[in-house]
Amino acid sequence: MITITLYITIGMVTLAALLNVYRLIKGPDAPDRVLALDTLYVNAIALIILLGITLGTRMYLEAALLIAVMGFVGTVAMAKYLKRGSVIE
Amino acid sequence: MSQFAEYAICLLLLTGGAFTLVGAIGLARLPDFFTRLHGPTKATTVGVGAIVISSVIYFSSQGEGIGIAEILITVFLFMTAPVSANILAKAAMHIGVSTVNNTRGKPWEQ
Amino acid sequence: MFDRLSFPQPWLSLILFASWQFLNDGVSGASVVMGIILAWAIPQITHGFWPERPAFIKSWRMPAYLVRVIRDIVVASFEVAKLILSPRQPRPVFVSYPLELEHPLAISILASTISLTPGTVSVDISDDNRILLVHALDAETDDEVIDAIRTRYEKPLLEMFE
């Protein structure tokens with residue numbers, strides 16, 4: 001039962017990622033694109049965790065943790081660039 | 001694995017997947033930037049939170065102990081989601097993105 | 001010399017130490033030593049970013065507040081999900097929320113809470129820390145939003161920080 005549920009959930013999250021890519025391409029403004037990227041990395045974390053459950057290993061959690069940290073820093077850097085025109089003042 | 005744990009994992013996985021999808025649908029279909037901001041900050045964060053909790057239950061029912069890394073991921077996501085939403089909203093206000101026509105009130109001038 | 005070896009923010013140091021142990025997947029001699037070094041160094045380096053020392057006067061009220069916020073986050077996501085899936089257009093509104101809180105840490109906790117709960121995102125704060133600009137996804141009136149924030153979140157925070 002868990003295997004089928006896992007596949008359904010992976011399908012849902014993949015569809016969500018595709019919708020994010022649609023917003024990433026369409027825009028129309030730069031903040032929309034940054035927001036789409038922000039959502040995309042959160043979805044990537046979900047996919048990695050689902051992959052970990054499917055394969056029965058915990059090794060991928062470290063990668064998910066790194067993506068969580070780096071994705072946040074990336075979003076803040078891009079938002080700050082949009083607001084101020086530079087990242088480190 | 002006990003029957004109860006299995007049902008709990010399936011329920012959490014489906015809830016998480018559904019919320020993630022709803023967040024993305026909101027991002028794709030809502031009319032302007034400030035309304036789009038609501039989908040990812042709430043629905044997606046809760047969706048990923050549910051998926052992470054199902055992972056915690058799965059690995060602890062396999063007898064591998066409670067995963068601390070998963071809990072750290074959840075806490076980190078819940079701490080950073082409002083911060084990134086806030087800083088993105090500030091950036092959008094600075095650039096002056098257009099708001100949908102039926103919005104009452106105005107963003108501040110920078 | 002020895003006053004540099006102090007821990008100016010014991011809670012921050014404790015949280016850093018604990019999360020380093022968790023990241024190492026188990027307590028060992030090396031992780032304890034490294035944890036103590038990090039718990040000492042990070043508060044010293046980030047010292048300049050804390051304008052004044054954050055002081056919880058009544059920190060035992062925090063768990064009850066957290067439980068309420070987590071419950072509200074779940075309820076909020078269902079509401080937002082319902083709104084996203086329903087065909088009608090949302091009625092977004094910008095609300096200027098007059099703050100009663102004065103402590104910077106309390107204000108940032110309130111702003112984060114607002115961003116995570118029912119249909120509201122905090123957008124900006126005025127320069128004198130008196131007014132918070134809030135964007136609500138779907139609201140009839142401004143007062144509805146202001147009352148909800150005031151009674152549910154700001155009152156408990158006021159009690160905690162006064």
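Rules used throughout
- Residues numbered from 1 in each chain as written.
- Chains lettered and ligands numbered in written order.
- Predicted model: local features only at pLDDT ≥ 70, side-chain atom pairs only at ≥ 80, totals over all residues.
- Heavy atoms only, no water.
- UniProt positions renumbered as here; feature names shortened; annotations may be inferred.
- Salt bridge = Lys/Arg side-chain N within 4 Å of Asp/Glu carboxyl O.
- Helix = DSSP H or I, 4+ residues; strand = E, 2+ residues; numbered from the N terminus.
- Contact = heavy atoms within 4.5 Å.
- Buried area = accessible area lost by both parts, 1.4 Å probe.
- Polar contact = N/O pair within 3.5 Å; in protein donor to acceptor, adjacent residues only side chain to side chain.
- Nonpolar A, V, L, I, M, F, W, Y, C, P; charged D, E, K, R; others polar.
- Phe/Tyr/Trp six-rings, centres within 6.5 Å; stacked < 30°, edge-to-face > 60°.
- Buried < 20%, exposed > 50% of the residue type's maximum accessible area, 1.4 Å probe, protein only.

Per an unreviewed UniProt entry, chain A goes by the name K+/H+ antiporter subunit F and belongs to Marinobacter albus. Taken directly from UniProt, the Sequence similarities (unreviewed entry) text for chain A runs: "Belongs to the CPA3 antiporters (TC 2.A.63) subunit F family." Looking at the Subcellular location (unreviewed entry) heading of the UniProt record, one finds this comment for chain A: "Cell membrane".

Asker: Explain the pattern of salt bridges to me, please; I cannot follow it from the model alone.
Answerer: A side chain with one charge may pair with a side chain of the opposite charge, provided their charged atoms come close. With the rule as written, the count across this model stands at 7 salt bridges over all chains. The partner of Asp124(C) in a salt bridge is Lys90(B), and the shortest N-O contact between them spans 3.9 Å. Here Asp124(C), found in strand β2 (residues 120-125), pairs with Lys90(B), found in helix α4 (residues 68-95), and the two come from separate chains. A single salt-bridge network, built from bridges that share partners, covers Arg71(C), Asp72(C) and Arg152(C).

Asker: Hey, could you run me through the interface of chain B and chain C in this one?
Answerer: For an interface, size is often stated in terms of accessible area lost upon the parts coming together. Across the boundary between the two partners, chain B contributes 35 residues, which contact 44 residues of chain C. For the chain B and chain C pair, buried surface summed over both sides reaches about 3,100 Å², with 72% attributable to carbon and sulfur atoms. At the junction of chain B with chain C, the criterion picks out 1 salt bridge. Our enumeration of links across chain B and chain C arrives at 5 residue pairs in polar contact (both at pLDDT 80 or more). For the side of chain B that touches chain C, the secondary-structure elements that each account for two or more residues are α1 (3-29), α2 (33-36), α3 (38-61) and α4 of chain B. For the side of chain B that touches chain C, the residue count by class is 19 nonpolar, 11 polar and 5 charged.

Asker: What am I meant to see in the interface of chain A and chain B here?
Answerer: In this complex, chain A contributes 47 residues to the contact, which on the side of chain B involves 51 residues. Surface buried jointly by chain A and chain B totals about 4,200 Å² across both partners, of which 81% is contributed by carbon and sulfur atoms. Interface area lost by chain A to chain B is led by Leu35(A), Arg58(A) and Lys83(A), which between them contribute 16%. On inspection of chain A and its partner chain B, the count reaches 2 salt bridges. Residues Glu70(B) and Arg58(A) are paired through a salt bridge, measuring 3.9 Å at the closest nitrogen-oxygen approach. On the surface where chain A and chain B come into contact, there are 4 residue pairs in polar contact (both at pLDDT 80 or more). The biggest single contributor to the side of chain A that touches chain B is helix α2 (residues 30-55) of chain A, with 16 residues. Each residue belonging to the side of chain A that touches chain B can be placed in one class, and the counts come to 31 nonpolar, 10 polar and 6 charged.

Asker: Looking at this structure, I do not really get the packing of aromatic side chains. What am I missing?
Answerer: In this description, an aromatic ring pair is defined by two values, namely the gap between the centres and the angle between the planes. Within the structure shown, the criterion is met by 5 aromatic pairs over all chains. Measuring from centroid to centroid gives 6.3 Å for Phe72(A) and Phe76(B), while their planes differ by 90 degrees, and the two rings are edge-to-face. Of this pair, Phe72(A) sits in helix α3 (residues 61-84) while Phe76(B) sits in helix α4, placing the two residues on different chains. Residue classification places Phe76(B) among the partly exposed residues on the basis of a relative accessible area of 23%. With 5.1 Å between their ring centres and 80 degrees between their planes, Phe34(B) and Phe94(C) make a pair best called edge-to-face. In this pair, Phe34(B) is assigned in helix α2 and Phe94(C) in strand β1 (residues 93-98), connecting two distinct chains. Looking at Phe34(B), the relative accessible area reads 2%, which means it is buried. For Phe94(C), a relative accessible area of 4% gives the class buried. Of the aromatic side chains, those joined through ring pairs into one cluster are Phe33(B), Phe34(B) and Phe94(C).

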